[in-house]
There are 2 protein chains.
Amino acid sequence: MQSVDATRDALLACARAPAQSEILPLLDIAHRVLARPLVARLDVPPHDNSAMDGYAVRSSELKPGVAFEVSQRLPAGSLPSPLLPASVARIFTGAMLPEGADAVVMQEHTSTLPDGRVMFDDVVRSGLNIRRRGEDITDGSSVLAGGLRLKPAHLGLAASVGVASLPVYTQLRVAVFFTGDELQEPGRPALPGHIYNANRYWLVPALRALGCEVLDLGIVPDRLADTRQLLRDAGQAADVVMTCGGVSVGEEDHVKAAVCAEGELQQWRVAIKPGKPLAFGRVGQADFIGLPGNPVAAWVGFIVLVRDFLRARQGEVLPRWQPQGWLPASFRWPRPDPRREEFLRVRVVPDGTSHVLHAYPQQGSAVLSSCVWSDGLARLQPGQVVEPGTLLPVYGWGAGV
Amino acid sequence: MQSVDATRDALLACARAPAQSEILPLLDIAHRVLARPLVARLDVPPHDNSAMDGYAVRSSELKPGVAFEVSQRLPAGSLPSPLLPASVARIFTGAMLPEGADAVVMQEHTSTLPDGRVMFDDVVRSGLNIRRRGEDITDGSSVLAGGLRLKPAHLGLAASVGVASLPVYTQLRVAVFFTGDELQEPGRPALPGHIYNANRYWLVPALRALGCEVLDLGIVPDRLADTRQLLRDAGQAADVVMTCGGVSVGEEDHVKAAVCAEGELQQWRVAIKPGKPLAFGRVGQADFIGLPGNPVAAWVGFIVLVRDFLRARQGEVLPRWQPQGWLPASFRWPRPDPRREEFLRVRVVPDGTSHVLHAYPQQGSAVLSSCVWSDGLARLQPGQVVEPGTLLPVYGWGAGV
């Protein structure tokens, strides 16, 4: 069997970024992947400006008890004149500092005479209440790295340097289908011996949340000719073809044979529980990924092995895969799998200023209650016995699922 | 000044759920809010079934060294006949157990004779390799709670109990506009004294990620008559009207006066840094929320105070607001604000099996680099001095931002 880490590495090594990118307006590219770095072409802020509502002054001229003329008024967005000698300027937050002024006094520290002149409570140091040109971003500096998944704050930052559109990789088209003659679509009557197709209803929205365009082909009858035709079509229309079910060693599965006939297939015996079996290959120009049919195994396989492949396949530069933290178990796990890493569905429960892990009682369950109940996965090494207090690495579900 | 907790409580007390809901197909309602609980109307699994590929047997009949006829073949999805005496059934994972069988033997623990009969290596206990009817969900049990934000796994679980559509609250319509004559849209030339409008480009996608329908009204000239007209229109078209800027005590701000004229306004002096000033009120039938114009203050005010109001306003039942964890600072913060809670932008950095907090060096920055760099906020009490090692509560940005 192949380890989880080795399987992830093998998948990521195959994940080439999209060849194409497109330039789109900021408000259309939330959660897309930036194709090239963004370099600032201006300073932010673009000029020295006031951090307060108050008065722009020459600090060297200021004396308590002396009244100053207000020689100009500067709301934000106005263009100042040079500050006249022995005068001050009324100024508002964000307004550009007039030439000659070197400090801003908060209005709360001043008093206005009946003739409109202003007196100051104290002397002030040069630079007080001034936001300096370029103190946030300097012209020529790197603002956003290529391969970044664009979150709202990134788009705000791009706007702050005057950029209205950015180059993003073209959307990944993922075709999905589901096999198994026992599968029934929800909303139809429950036939004896059948179960409802849960995988379609979490996989499609999870792929969309990843920024993929999904070609949802539904349930395919588990017959070789039908599956081959579908694979041919999907391999032409999509960048990645995914399926749930049909890739185990059971003799009723035809997906395996169909992929071998129409492309190439590697079946990996991954040392993971749940999450077996996983298949990877090619159909036409598309990558092929076969997830297990068991919903919990498909879910764990998707979260642990496949999701980061799809991210990298979209051009995203990924941080190192690592747990969000190590937390003590509150449970016992006395009979570990001797050969496979186990990913237990766990909930993170507050415990004073820290947290402990609770495990869903039915870890072997075939359906999704355990994933809905939990916050993520605790990772156990092969053969690792867990006692209350054992520190375990925790991987949260992550965004979008 | 009013505390952060009191402000959140006051906002949440005003956040009524939408009056209307609509029933929509599962694949159209990812990240929407469930309007009524979902109760299962069947058992999952719906019948005792095989957890393995192998042979369904009467455990009491089994004897090592005795060969059994294979009296039926049961792929998943097939309807079994009662098990004939002194025979076994070929069975595949997920297939319904035939009446009379009480265990499944893995095919790896059997051998097949040339005449097709099967011999078993061992005796087996009753119940072996059987997934029991209802072991995951029982008929009549609660599957999903009302007020739940529907994630992909929830949709999968709903499908697994045969449900094809669910009632969700109608989408919240949020009108947003931005004031300040110093604001310039990105993509246009940088005029002296102007800055680019960053807030629009993070707020609109953040609202969309929350599931809101956004009416984006762009930059509005900071004049009273224009602002009043816009508020009247927005108050009719939207459930919530939001703005950035124009609600401070500065005399150049007209939003405040316009809201007072067209509805009602509470200006809150919240003891938060950054994040001041915040305004809340009503315009027509809509709620009004005024965020600060400073992008970092607007961002922190949105994350800490406003986002959960919008969630509750969508009908979402919220968990208690609490930090994701307490982590030690790696920095000094020697001059805290004596009267306001401070929310420092921090990054969570691995440190052995735990993590430490790094603070962005420029906490006073007027633009968004600090938010892009950070993973979330560390919350300081008024007057709290931080030394390396001080444990601080950390609030991650959360999903979608």
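Not measured: the values here are computed from a predicted model.

Right, let's get into the overall build of chain A. Along chain A, the regular secondary structure elements total seven helices and 26 strands. For chain A, whose C-alpha radius of gyration is 30 Å, the value lies well above the compact-globule estimate of 21 Å for 401 residues. Principal axes of the C-alpha set define a box for chain A whose edges measure 95 × 50 × 40 Å. A burial count over chain A gives 56% of its 401 residues as buried. Counted over contacts in chain A with a minimum sequence separation of 6, partners at least 24 positions apart contribute 70%. Counting every atom, chain A has about 16,200 Å² of accessible surface; 51% of that belongs to carbon and sulfur. Between the averaged position of the 39 positive side-chain charges in chain A and that of its 41 negative side-chain charges there is a distance of 4 Å.

With that settled, consider helix α2 (residues 152–160) of chain A. Residues and elements named next belong to chain A. In terms of burial, α2 is largely enclosed, as nine of its nine residues are buried. Along α2, the positions that sit buried rather than exposed are P152, A153, H154, L155, G156, L157, A158, A159 and S160. At the C-terminal side of α2, G162 shows a positive phi close to 85°.

Before going further, it helps to examine the relation of the copies chain A and chain B. Each of the two chain copies can be generated from the other by rotation about an axis followed by a shift along it. The operation relating chain A to chain B is a screw motion whose rotation component is 180°, with 0.0 Å of axial translation and a residual RMSD of 0.1 Å. Expressed as a symmetry operation, the mapping of one chain copy onto the other fits a two-fold axis. Considering only C-alpha atoms, the residue of chain A closest to the rotation axis is A399(A), which sits at 2.8 Å. A symmetric contact is evident, with 100% of the interface residues of chain A recurring at the interface of chain B.

Residue and element names in this part refer to chain B. Running from amino to carboxyl end, helix α3 (residues 199–209) crosses helix α6 (residues 295–313) at an angle of 20°, the nearest separation of the two axes being 11 Å. Taken together, α3 and α6 sit at an angle that is classed as roughly parallel. Two packed elements cross with a definite hand, and for α3 against α6 that hand is right-handed. Residues N199, W202, L203, A206 and L207 of α3 lie in contact with α6, whose contacting residues are P295, A298, W299, F302 and L310. Grouping the amino acids of the contact of α3 with α6 by side-chain chemistry returns nine nonpolar, one polar and no charged.

Residues and elements named next belong to chain A. Of all seven residues that make up strand β13 (residues 173–179), six are buried, and the element is covered over most of its length. Where β13 meets strand β16 (residues 213–220), six bridges bridge the pair, whose relative direction is parallel. Note on β16: the bridge partner recorded for A175 is L215. With five bridges joining them, β13 and strand β17 (residues 240–244) adopt parallel strand pairing. Across the sheet, F177 pairs through a bridge with T243, a residue of β17.

Across a sheet, paired strands are connected by hydrogen bonds in the backbone, their directions being either parallel or antiparallel. All names here are of chain B. Ordered in space as β16-β13-β17-β21-β20-β18, the six strands form an open sheet in which the pairing is mixed. With partners counted over all chains shown, the strands left at the sheet margins are β16 (213–220) and β18 (263–268), one partner each. Taking the axes of each pair of neighbouring strands and ignoring which way they run, one obtains an average angle of 15° across the sheet. Packing of α6 onto the sheet brings it into contact with β17 (240–244), β20 (278–283) and β21 (286–291), and relative to β21 it is tilted by some 165°.

Taken residue by residue, the interface counts 78 residues in chain A and 79 residues in chain B. When chain A packs against chain B, the two sides together hide about 6,100 Å² of surface, and 63% of this comes from carbon and sulfur. Counting the surface chain A buries against chain B, the share from its top three residues, L27(A), P152(A) and Y201(A), is 10%. The interface formed by chain A and chain B includes zero salt bridges. At the boundary of chain A and chain B, one finds twelve residue pairs in polar contact (both at pLDDT 80 or more). Of the residues that constitute the side of chain A that touches chain B, the class distribution is 41 nonpolar, 23 polar and 14 charged.

Okay, the sheet that holds strand β4 (residues 54–57) of chain A next. Residue and element names in this part refer to chain A. Taken in spatial order, the six strands of this open sheet run β7-β4-β6-β5-β9-β8, and their pairing is mixed. Both edges of this open sheet fall to β7 (103–106) and β8 (110–112), since each of them pairs with a single strand only. Across the sheet, the axes of successive neighbouring strands diverge by a mean angle of 40°, strand direction being ignored.

Residues and elements named next belong to chain A. Each assigned domain of chain A is listed here: domain 1 (4–18 + 170–313), domain 2 (21–42 + 142–169), domain 3 (49–131) and domain 4 (325–396). Centre-to-centre separation of domain 1 and domain 2, based on C-alpha positions: 31 Å. Among the residues domain 1 hides against domain 2, the three largest losses belong to P18, T170 and Q171. Together they make up 60% of the total. Inspection of the domain 1/domain 2 interface yields zero salt bridges. At the junction of domain 1 and domain 2, the tally comes to one residue pair in polar contact (both at pLDDT 80 or more).

Bringing unusual backbone geometry into the picture now. Here the bond from K273(A) into P274(A) is cis, since omega is -10°, no more than 30 degrees from zero. Along the chain, the position of P274(A) falls in the loop between β19 (272–273) and β20 (278–283). Look at the link from K276(B) to P277(B): it is a cis peptide, with omega at -15°. Looking at where P277(B) falls in the secondary structure, it is placed in the loop between β19 (272–273) and β20.

Within the fold, R200(A) resides in helix α3 (residues 199–209). For R200(A), a relative accessible area of 16% corresponds to the buried category. When residues no more than four places from it in sequence are discounted, the contact partners of R200(A) are F178(A), E185(A), P205(A), D216(A), G218(A) and L27(B).

Residues and elements named next belong to chain A. Summed over the entire model, instances satisfying the criterion amount to 42 salt bridges over all chains. A salt bridge links R228 to E262; the nearest nitrogen and oxygen atoms lie 2.7 Å apart. Here the residue R228 occupies a position in helix α4 (residues 224–237), and E262 occupies one in helix α5 (residues 255–262), the gap between them amounting to 34 residues. Across the salt bridge formed by D337 and R340, the nearest N and O atoms sit 3.3 Å from each other. Three or more residues joined by partner-sharing salt bridges are found here, namely R16, R282, D287 and R313.

Turning our attention to the packing of helix α4 (residues 224–237) of chain B against helix α5 (residues 255–262) of chain B. Residue and element names in this part refer to chain B. The N-to-C vectors of α4 and α5 enclose an angle of 50°; their axes lie 9 Å apart at closest approach. Comparing the axis directions of α4 and α5 gives the class oblique. Relative to α5, α4 is oriented so that their crossing is right-handed. Note on element contacts: α5 touches α4 through V255, A257, A258, V259, A261 and E262, opposite L224, T227, R228, L231 and R232. Each residue belonging to the contact of α4 with α5 can be placed in one class, and the counts come to seven nonpolar, one polar and three charged.

Attention shifts here to the environment of S354(A). All names here are of chain A. Residue position: S354 is located in strand β24 (residues 354–359). On the accessibility criterion, S354 (35% relative accessible area) is partly exposed. As a C-alpha pair, S354 and P328 span 26 residues in sequence and 9.6 Å in three-dimensional space. Dropping the residues within four chain positions of it, S354 is found in contact with L327 and V349.

Rules used in this analysis
Residues numbered from 1 in each chain as written. Chains lettered and ligands numbered in written order. Predicted model: local features only at pLDDT ≥ 70, side-chain atom pairs only at ≥ 80, totals over all residues. Heavy atoms only, no water. Helix = DSSP H or I, 4+ residues; strand = E, 2+ residues; numbered from the N terminus. Rg over C-alpha atoms; globule rule 2.2 N^0.38 Å. Buried < 20%, exposed > 50% of the residue type's maximum accessible area, 1.4 Å probe, protein only. Contact = heavy atoms within 4.5 Å. Areas by Shrake-Rupley, 256 points an atom, 1.4 Å probe, with all protein chains shown as cover. Lys, Arg positive; Asp, Glu negative; His and termini not counted. Charge placed at Lys NZ, Arg CZ, Asp CG, Glu CD. Least-squares fit on C-alpha atoms with pLDDT ≥ 70 in both. Axes fitted to C-alpha atoms, helices over the stretch in contact; angles between N-to-C directions. Parallel < 35°, antiparallel > 145°, perpendicular 65-115°, else oblique. Left-handed = near helix turned anticlockwise from the far one by under 90°. Nonpolar A, V, L, I, M, F, W, Y, C, P; charged D, E, K, R; others polar. Pairing = 2+ DSSP bridges. Buried area = accessible area lost by both parts, 1.4 Å probe. Salt bridge = Lys/Arg side-chain N within 4 Å of Asp/Glu carboxyl O. Polar contact = N/O pair within 3.5 Å; in protein donor to acceptor, adjacent residues only side chain to side chain. Domains from an automatic or database assignment.

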